[in-house]
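Residue strings, one per chain:
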Amino acid sequence: MFALTDEQKDIQKLARDFAQEKVAARAAEVDEQHKYPAENIADLTEMGFMGLCIPEEYGGTGMDEITKSLVIMELAQACASTAVIVDVHYLFSDIIMTMGSEALKAKYLPQAAEGKLGAFCLTEPNAGSDAGGLRTKAEKVEGGYILNGQKCFITNCGPDEGDFFIVIALTDPEKKTHGGMTAFLVERTNPGLSIGKTENKMGIRGSQTSELILQDCIVPEDAIVGKVGDGFKVAMVGLDGGRIGIASQAVGIAQGALAEAVKYAGQREQFGKPIGRNQGLQWYIADMATRTEAAKMLVLEAADLRERKENCTKVAAMAKLYAGETACFVTDLALQIHGGYGYMKDYPIERMYRDARITRIYEGTSEVQKMVIARSVM
């Protein structure tokens, strides 16, 4: 078991109390109405959570990677939509801190700490698991670049969501991932940037997921994140952190589903006794609890490695793979324990079941994680 510091425990409790008292009460409405949880984000900003890992010199609170994972877990137990909004915002901030110039840090990190939402834009219609299929181009012109292309499935991108976008584009199409990609920071108000179709999703419906369209979008040279040709490197740095974040979300969903299953099994009576007294359901609970705890330990190990600036690629992929699979396993059994009621929207497990499914897909599918793990091991 990870020995958390007193400070980590205090922040975890603060996040848990807020999530259970405020976020959980709003979760059903957020899901049913596809509603961006503006109240949650405003409250989290006021509490300092939107700048959790941003250094104090840039207006944040300067917390560590483990604390970040713990906060995402607590939020995800109550509302996976809120958790993924915060997670992707952390990913944006982390990329700026890790790869951005001092000018970019000074300009954008204080705004991120104040709740201006960031997004990461890599995926395209023909470039999902295969980043080499990227087609968005950045043409050099005097004083900057002109961007043309289309991104899809972008989190924190929608009619109500998203202020700043890290966009990966081709600056040398022949080189592609080998130095041919560059990362740019594009503001929502930038001429030539528009929001396309907003997706109608199966789960995490309070988080807007949309197309980002770039049509003769001019950005200055100082908008480059890292150096020209570093785009693929920026993406990979971002994905390590992103995978830990989504794994944290998956663990949170599993924890929430387990808690709902335990509560229901103690309340629901059949054949004259609570169903939780049946050994078969106890075995379900045991499997759910064991896998959830194992997933949590993998996530915290990955976060700890990243905090110590050690190579965390393999463990981050393991955490993402196992936590995503666990979230689906646990929510499926939790719904089964609820029986017919679990299929109804009267109980939160129905929402959790839908929310869990995406954790095996975004930030790299389970199959991609296995490729990353196998390469690391072999």
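Residues numbered from 1 in each chain as written. Predicted model: local features only at pLDDT ≥ 70, side-chain atom pairs only at ≥ 80, totals over all residues. Heavy atoms only, no water.

A. Structural context of the overall build of the protein. Within the protein one finds 10 helices and 10 strands. The C-alpha radius of gyration of the protein comes to 21 Å, within 12% of the 21 Å expected for a compact globule of 378 residues. Principal axes of the C-alpha set define a box for the protein whose edges measure 80 × 45 × 40 Å. Summarising the internal contacts of the protein: among those between residues at least 6 apart in sequence, 75% fall at separations of at least 24. For the protein, the exposed area adds up to about 16500 Å²; of that, 51% sits on carbon and sulfur atoms. When the 41 positive and 52 negative side-chain charges of the protein are each reduced to one mean point, those points stand 5 Å apart. (Helix = DSSP H or I, 4+ residues; strand = E, 2+ residues; numbered from the N terminus. Rg over C-alpha atoms; globule rule 2.2 N^0.38 Å. Contact = heavy atoms within 4.5 Å. Areas by Shrake-Rupley, 256 points an atom, 1.4 Å probe, with all protein chains shown as cover. Lys, Arg positive; Asp, Glu negative; His and termini not counted. Charge placed at Lys NZ, Arg CZ, Asp CG, Glu CD.)

B. Focus on the pattern of salt bridges. Tallied over the full model, the rule gives 20 salt bridges. Measuring nitrogen to oxygen at the nearest pair gives 2.8 Å for the salt bridge that ties Asp 31 to Arg 354. Taken as a pair, Asp 31 in helix α1 (residues 6-32) and Arg 354 in helix α9 (residues 348-357) lie far apart in primary sequence, 323 residues in all. The same class applies to Asp 31 as to Arg 354, namely buried. (Salt bridge = Lys/Arg side-chain N within 4 Å of Asp/Glu carboxyl O. Buried < 20%, exposed > 50% of the residue type's maximum accessible area, 1.4 Å probe, protein only.)

C. Local environment of the pairing of strand β1 (residues 118-121). Alternating positions in β1 separate into two faces, Gly 118 and Phe 120 on one and Ala 119 and Cys 121 on the other, with burial throughout. By the bridge criterion, 4 bridges tie β1 to strand β4 (residues 164-170) in an arrangement that is parallel. Residue pairing for β4: Phe 120 is matched across the bridge by Ile 166. (Pairing = 2+ DSSP bridges.)

D. Region of interest: the side chain of Asp 31. With relative accessibility at 5%, the residue Asp 31 sits in the buried group. Sequence-distant contacts of Asp 31, defined by excluding residues within four places in its chain, comprise Arg 205, Lys 345, Arg 351 and Arg 354.

E. Seen up close, the packing of aromatic side chains. For the structure shown, the criterion picks out 5 aromatic pairs. Ring geometry for Tyr 264 versus Tyr 347: centroids 5.7 Å apart, planes at 90°, classification edge-to-face. In this pair, Tyr 264 sits in helix α6 (residues 231-267) while Tyr 347 sits in the loop between α8 (313-338) and α9, placing the two residues 83 residues apart along the sequence. By relative accessible area, which is 28% here, Tyr 347 ends up partly exposed. Here a set of aromatic residues connected by ring pairs shows up, and it is made of Phe 92, Tyr 108 and Phe 164. Directly above the aromatic system of Tyr 145 lies the positively charged group of Lys 140, at a separation of 5.4 Å from the ring centroid. Here the basic side chain of Arg 291 rests over the ring of Phe 329, its NZ or CZ set 4.2 Å away from the ring centre. (Phe/Tyr/Trp six-rings, centres within 6.5 Å; stacked < 30°, edge-to-face > 60°. Lys NZ or Arg CZ within 6 Å of the ring centre and 35° of its normal.)

F. Main features of the environment of Arg 291. Tracing the backbone shows Arg 291 in helix α7 (residues 279-307). Relative accessible area serves as the criterion here: at 23%, Arg 291 is assigned to the partly exposed category. With 55 residues separating them in the primary sequence, Arg 291 and Asp 346 have C-alpha atoms 27 Å apart. Look past the residues within four positions of Arg 291 in its chain and what remains in contact with it is Tyr 322, Glu 325, Thr 326 and Phe 329.

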